[in-house]
Amino acid sequence: MDFDLSEDLKMIRETARKVADEEIAPRAAALDEGKIFPAESMKKLAELGFCGFLAPEKYGGSGLGNLALVLALEEVNRACASTGVTLSVQNSLVASPLNRFGNEDQKQRYLPKLARGEWLGAYSLTEPGSGSDAAALITSARRDGDFWVLNGSKNFVTTGSYADLLIIFARTNPDASLKAKGVSAFLVEKTFPGFRVGKAEDKCGIRGSDTASLFLEDCRVPAANLLGQEGKGFTIAMDTLDGGRIGIATQAVGIGQACLDASVKYSKERKQFGKLIGEFEAIQWKLAEMATELDAARLLIYRAALLRDRGLPHTKEAAMAKLAASTAANRAAKEAVQIHGGVGYLREFPVERYFRDVRITELYEGTTEIQHLVIARHLLR
Ligand code: CAA
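1. Focus on the overall build of the protein chain
In terms of regular secondary structure, the protein chain is built from 10 helices and 10 strands. The C-alpha atoms of the protein chain give 21 Å as radius of gyration, which agrees with the globular expectation for 381 residues (21 Å, within 12%). Across its three principal axes, the protein chain shows a C-alpha extent of roughly 80 × 45 × 40 Å. A separation threshold of at least 6 residues defines the contact pool for the protein chain, and within that pool the share at least 24 residues apart is 74%. Put simply, the protein chain shows about 16,800 Å² of open surface, and 55% of that area lies on carbon and sulfur atoms. The averaged location of the 49 negative side-chain charges in the protein chain is 2 Å from the averaged location of its 49 positive side-chain charges.

Structure, rendered in structure tokens:
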């Protein structure tokens, strides 16, 4: 077992750390306050090639894979979780399924634009009536000559208002009792007739990231834009989330690390009862536990990323990484506010933002309860 990163991977992490500290972190509070989409940060990350980790060189990416992606993602999320989730979705939820399930024509048409960050992407599975029970979706797709005609509504779509290309899951077999077996995946451009973006949500955290609802009203999608085989869309959705969950686990560890860094710094500055608060055992235990739990989660993330890169089974491992990371990071954020005391509750201190941002990591791309279910199903089968 080798715990050393290659020189290339170390360089990616260093580059990400530098851009995160110098360009992304300074903008984070304003994006949060004003609900401003991180367009500028995404442009910079795209210039560095960070939208193309999961697209082969042939299609304009670097093909460096999931381990490279998580090293970069942790640094970006440490600085700004709104930028972090936008970058994670672009790579894991859009470029990755296009590369894994798209045909040559689809890859040539869309992957280079996504990998270079010229186009933004979104992934749209959830509907008002189907969240955790994703296979209960009712958006329909009916064949009409050389087109599929989509009808329905979607919600909680990250980057939905800004995406040029969306992977949308719809039911091609109207028999809802078929559940997962009746679902297909479509590549939908925002300019296709009948596609409409609804309102963007006003969120507790990751306020700079976009979360939209979508409406498909006789939306005409060329037959050539069916992704993978008809009726196999749910497998594409789940395989994609296996990768996405590694990304959200990484987001959690990035935010958790920011909490730990801020807490260590504050513990070495703040004095009470005549000494630095870092000299109190109560504070030391909190710091030690935060660091240990985050490191354990980080190792689970690296394992899941490596398995995915090697084409080995990783559904359970991705769920374990997300479960461990989101739990550890939420605890770290709670303790960071506690260590900061009253000022940790103030908008002018970043731990207040981390505390709000980290909450989503236990909700999206599968709740904590769904990660338990996925892990337990693997243990019991
Ligand atoms: N990889 C490939 N295929 C998979 C798979 C995986 N990891 N998991 C399941 N499948 C396949 C199964 O093999 C099965 O196919 P066959 O019948 O051909 O064998 C099919 O999918 C159905 O599987 P299940 O019977 O396990 O399906 P289920 O209805 O019991 O659901 C679930 C399983 C795990 C609960 C799933 O519904 C789930 O993950 N729910 C959570 C949804 C979720 O994470 N949503 C997040 C949306 S994205 C988002 O959050 C916003 C954003 O933009 C960031």
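2. Focus: the domain arrangement of the protein chain
Annotation of the protein chain at the domain level lists domain 1 (7-119), domain 2 (122-231) and domain 3 (234-379). With centres defined by C-alpha atoms, the gap from domain 1 to domain 2 works out at 23 Å. In this complex, domain 1 contributes 24 residues to the contact, which on the side of domain 2 involves 22 residues. Taken over both partners, the interface formed by domain 1 and domain 2 buries close to 1,900 Å², and the fraction arising from carbon and sulfur atoms is 65%.

3. Description of the packing of aromatic side chains
Going through the model one piece at a time under the given rule, you end up with six aromatic pairs. Geometrically, the ring pair formed by Tyr-110 and Trp-119 is tilted, given 5.9 Å between the ring centres and 40 degrees between the ring planes. The exposure classification of Tyr-110 matches that of Trp-119, with both residues buried. On the numbers, 5.2 Å between centres and 65 degrees between planes, the contact of Tyr-123 with Phe-169 is edge-to-face. Residue Tyr-123 is located in strand 1 (residues 121-124), and its partner Phe-169 is located in strand 4 (residues 165-171); the two are separated by 46 residues in the primary sequence. Here Tyr-123 matches Phe-169 in class, with each residue buried. In this structure, Arg-220 packs its charged tip against the face of Phe-147, placed 4.7 Å from the ring centre.

4. A few points about the site of the ligand
Taken together, 24 residues lie near the ligand, and Ser-132, Lys-181, Asp-242, Glu-365 and Gly-366 sit nearest. Within the side chain of Arg-245, a nitrogen or oxygen atom sits 2.9 Å from an oxygen atom of the ligand. For the ligand, a nitrogen atom lies 3.3 Å from a polar atom in the side chain of Thr-315. Surface burial for the ligand is 73%, taken as the share of its 1,100 Å² of free accessible area covered by protein chains. Of all the elements in the fold, those that place two or more residues in the shell around the ligand are strand 3 (147-158), helix 6 (233-267) and helix 10 (368-380). For the shell around the ligand, the element with the highest residue contribution is helix 6, accounting for seven residues.

5. What about the nonpolar core?
Counting residues in hydrophobic clusters, the biggest one holds 112 residues, and the most contacted among them are Leu-150, Phe-169, Phe-186, Val-188 and Ile-301. In terms of residue count, the dominant contributor to this core is helix 6 (15 residues). Residues within four places of Val-188 in sequence aside, it is in contact with Leu-150, Asp-164, Leu-165, Leu-166, Ile-168, Phe-195, Cys-219 and Val-221. One finds Ala-319, Leu-323, Val-374 and Ile-375 within the second-largest nonpolar core, a separate group that totals five residues.

6. Structural notes on the pairing of strand 7 (residues 211-222)
Pairing analysis gives nine bridges linking strand 3 to strand 7, with the strands arranged antiparallel. Considered in strand 7, the bridge of Thr-158 is made with Thr-211. Across four bridges, strand 6 (residues 195-200) lies against strand 7 in antiparallel orientation. By the bridge assignment, Arg-196 is partnered in strand 7 with Phe-215.

7. Structural notes on the pairing of strand 3
In terms of strand pairing, strand 2 (residues 140-144) meets strand 3 through five bridges, oriented antiparallel. Looking at strand 3, one finds that Arg-143 is bridged to Trp-148. In this structure, the hairpin formed by strand 2 and strand 3 is closed by a connection of two residues, where Gly-145 is found at a positive phi of approximately 60 degrees.

8. Let's talk about the packing of helix 7 (residues 281-309) against helix 8 (residues 315-340)
Closest axis-to-axis distance for the helix 7/helix 8 pair is 8 Å, and the angle between their directions is 155 degrees. Taken together, helix 7 and helix 8 sit at an angle that is classed as roughly antiparallel. Where helix 7 crosses over helix 8, the handedness of that crossing is left-handed. For the contact of helix 7 with helix 8, the class distribution of residues is 19 nonpolar, one polar and six charged.

Calculation rules
Residues numbered from 1 in each chain as written. Predicted model: local features only at pLDDT ≥ 70, side-chain atom pairs only at ≥ 80, totals over all residues. Heavy atoms only, no water. Helix = DSSP H or I, 4+ residues; strand = E, 2+ residues; numbered from the N terminus. Rg over C-alpha atoms; globule rule 2.2 N^0.38 Å. Contact = heavy atoms within 4.5 Å. Areas by Shrake-Rupley, 256 points an atom, 1.4 Å probe, with all protein chains shown as cover. Lys, Arg positive; Asp, Glu negative; His and termini not counted. Charge placed at Lys NZ, Arg CZ, Asp CG, Glu CD. Domains from an automatic or database assignment. Buried area = accessible area lost by both parts, 1.4 Å probe. Phe/Tyr/Trp six-rings, centres within 6.5 Å; stacked < 30°, edge-to-face > 60°. Buried < 20%, exposed > 50% of the residue type's maximum accessible area, 1.4 Å probe, protein only. Lys NZ or Arg CZ within 6 Å of the ring centre and 35° of its normal. Near = heavy atom within 4 Å. Polar contact = N/O pair within 3.5 Å; in protein donor to acceptor, adjacent residues only side chain to side chain. Core = buried A, V, L, I, M, F, W, Y, C linked by side-chain atoms within 4.5 Å. Pairing = 2+ DSSP bridges. Axes fitted to C-alpha atoms, helices over the stretch in contact; angles between N-to-C directions. Parallel < 35°, antiparallel > 145°, perpendicular 65-115°, else oblique. Left-handed = near helix turned anticlockwise from the far one by under 90°. Nonpolar A, V, L, I, M, F, W, Y, C, P; charged D, E, K, R; others polar.

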